[in-house]
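Results of the structural survey
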Amino acid sequence: MPIAPPKLTVKINNANETATLINEGEINILRQAGLTDIEFECRIPQEKYPFAVYKSGFKGADYFLDCFEALKTDRKPFQFIVCRKRPTGKQLFDTNIKVSMEDYRIEEDAEEGFDVLVKIKLKQWRDYGTKTVNIAFNMQKPKASVEPQREASNSPAPATAQTYTVVSGDCLWNIAKKFYGNGGKYTVIYNANRSVIGGNPNLIYPKQVLTIPAV
């Protein structure tokens with residue numbers, strides 16, 4: 001722009017969703033921010049002003065209006081850059097965002113002389129694309145195979161009564177699983193060792209010697 005816009009409005013849109021729950025009232029579902037809207041008004045001089053800046057010499061309003069029209073009709077995003085600086089040259093902030101031209105409005109006012117005022121609306125552009133998936137079909141018929149029978153991991157029940165000394169971390173369930181292959185048979189061990197264990201089968205202590213009955 002030959003003259004920087006005096007005012008720039010940047011609106012970060014909300015994409016949150018309000019829902020109503022039964023007996024709970026309204027809640028707010030937080031989502032990622034929506035696309036940013038940018039609005040500003042710029043003056044396009046018809047005369048050469050000392051404060052207007054041109055990269056390659058003075059250009060009339062028609063040149064810039066053609067540029068605006070091309071940004072709209074080409075249907076392509078472009079980069080929008082605004083840099084604000086103090087008179088000392090120190091940068092205040094800058095706006096650098098990819099946008100699309102949404103719409104613009106041209107105003108001619110006799111009080112503004114021969115200049116043209118253009119009100120422009122831009123919207124943030126996010127690159128996107130579709131993903132494709134290639135699926136390969138195997139036309140061969142599946143073949144069935146017989147797996148060898150696995151050996152049973154259950155421990156055989158002792159043929160005769162045995163003794164077992166409790167170690168730290170033991171419980172009747174694990175001891176029954178070790179000797180009988182079934183932790184649910186812990187009651188067999190408990191009933192045979194009530195005098196040693198006491199009234200609570202969940203409380204056994206290291207170095208207790210238990211009788212493991214044959215079943």
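Shown above is the structure to which this text applies.
Thresholds, definitions, all that
- Residues numbered from 1 in each chain as written.
- Predicted model: local features only at pLDDT ≥ 70, side-chain atom pairs only at ≥ 80, totals over all residues.
- Heavy atoms only, no water.
- Phe/Tyr/Trp six-rings, centres within 6.5 Å; stacked < 30°, edge-to-face > 60°.
- Helix = DSSP H or I, 4+ residues; strand = E, 2+ residues; numbered from the N terminus.
- Buried < 20%, exposed > 50% of the residue type's maximum accessible area, 1.4 Å probe, protein only.
- Expected span 1.5 Å × (residues − 1).
- Arc of directions from axis to C-beta.
- Contact = heavy atoms within 4.5 Å.
- Polar contact = N/O pair within 3.5 Å; in protein donor to acceptor, adjacent residues only side chain to side chain.
- Patch = residues over 30% accessible without salt bridge, like charges linked within 9 Å, V, L, I, M, F, W, Y side chains within 5 Å.
- Areas by Shrake-Rupley, 256 points an atom, 1.4 Å probe, with all protein chains shown as cover.
- Salt bridge = Lys/Arg side-chain N within 4 Å of Asp/Glu carboxyl O.
- Core = buried A, V, L, I, M, F, W, Y, C linked by side-chain atoms within 4.5 Å.
- Disulfide = S-S within 2.5 Å.

1. A look at the packing of aromatic side chains
- One pass over the structure, following the stated rule, counts nine aromatic pairs.
- Relative to Phe 64, the ring of Tyr 54 lies with its centre 6.3 Å away and its plane at 50 degrees, an arrangement referred to as tilted. With a gap of ten residues between them, Tyr 54 in the loop between strand S4 (36-44) and helix H1 (61-73) and Phe 64 in helix H1 connect regions that are remote in the sequence. Take Tyr 54 and Phe 64: they sit in the same class, and that class is buried.
- With a centroid separation of 5.1 Å and an interplanar angle of 85 degrees, the aromatic rings of Tyr 63 and Phe 64 are classed as edge-to-face.
- Residue class for Phe 64 comes out buried when judged on its relative accessible area of 11%.

2. Some remarks on H1
- For H1, built from 13 residues, the straight-helix expectation of 18 Å at 1.5 Å per residue is met to within 8% by its first-to-last C-alpha distance of 18 Å.
- When we look at burial in H1, the residues that qualify are Ala 61, Phe 64, Leu 65 and Phe 68. Across the axial projection of H1, the buried residues extend over an arc of 100 degrees, all falling on one side. In H1, the exposed positions angled more than 90 degrees off the buried face are occupied by Asp 62 and Asp 66.
- Tucked inside the fold, the buried residues of H1 contact S4, strand S6 (91-108) and strand S7 (116-124).
- Phi turns positive, to about 55 degrees, at Arg 75, one or two residues after H1.

3. Some points on the environment of Gly 184
- Checked against the element boundaries, Gly 184 lands in the loop between helix H2 (172-180) and helix H3 (186-192).
- Gly 184 gets classed as partly exposed once you look at its relative accessible area, which sits at 36%.

4. A closer look at the environment of Asn 13
- Mapped onto the elements of the fold, Asn 13 is located in the loop between strand S1 (8-12) and strand S2 (17-21).
- Here Asn 13 falls in the buried class, since its relative accessible area comes to 17%.
- Once the C-alpha coordinates of Asn 13 and Leu 92 are considered, the two residues, 79 residues apart in sequence, prove to be 24 Å apart.
- In this structure the side chain of Asn 13 is engaged in a polar contact, spanning 2.5 Å, whose partner is the backbone oxygen of Leu 35.

5. Looking at a nonpolar patch on the surface
- A cluster of nonpolar residues, Leu 21, Ile 27 and Ile 29, forms a patch on the protein surface that exposes about 210 Å² of accessible area.
- Mapped onto the elements, Ile 27 comes out in strand S3 (residues 25-29).

6. Comments concerning the pattern of salt bridges
- All told, the structure shown has seven salt bridges when counted by the stated rule.
- Residues Arg 31 and Glu 17 are paired through a salt bridge, measuring 2.7 Å at the closest nitrogen-oxygen approach. Here the residue Arg 31 occupies a position in the loop between S3 and S4, and Glu 17 occupies one in strand S2, the gap between them amounting to 14 residues.
- The class for Glu 17 is partly exposed, based on a relative accessible area of 36%.

7. A look at the nonpolar core
- Ranked by size, the top nonpolar core spans 21 residues in total, and within it Ile 44, Phe 68, Phe 80, Val 118, Ile 120 and Leu 122 carry the most contacts.
- Elements with a contribution of two residues or more to this core: S4, H1, strand S5 (78-85), S6 and S7.
- By size, the runner-up hydrophobic cluster in this structure holds 13 residues, among which are Val 166, Ile 175, Ile 197 and Ile 212.

8. Focus on the state of the cysteines
- All chains considered together, the criterion is met by zero disulfides.
- Unpaired in this structure, Cys 67 has its nearest cysteine sulfur neighbour in Cys 42, at a distance of 11 Å.
- Under the relative-accessibility criterion, Cys 67 is labelled partly exposed at 30%.

9. Describing the environment of Ala 192
- Positionally, Ala 192 belongs in helix H3.
- Taking relative accessible area as the criterion, Ala 192 reaches 39% and is therefore assigned partly exposed.
- The spatial distance from the C-alpha of Ala 192 to the C-alpha of Pro 213 is 7.2 Å, given a sequence separation of 21 residues.
- Apart from residues lying up to four places away in sequence, Ala 192 is in contact with Thr 211 and Pro 213.

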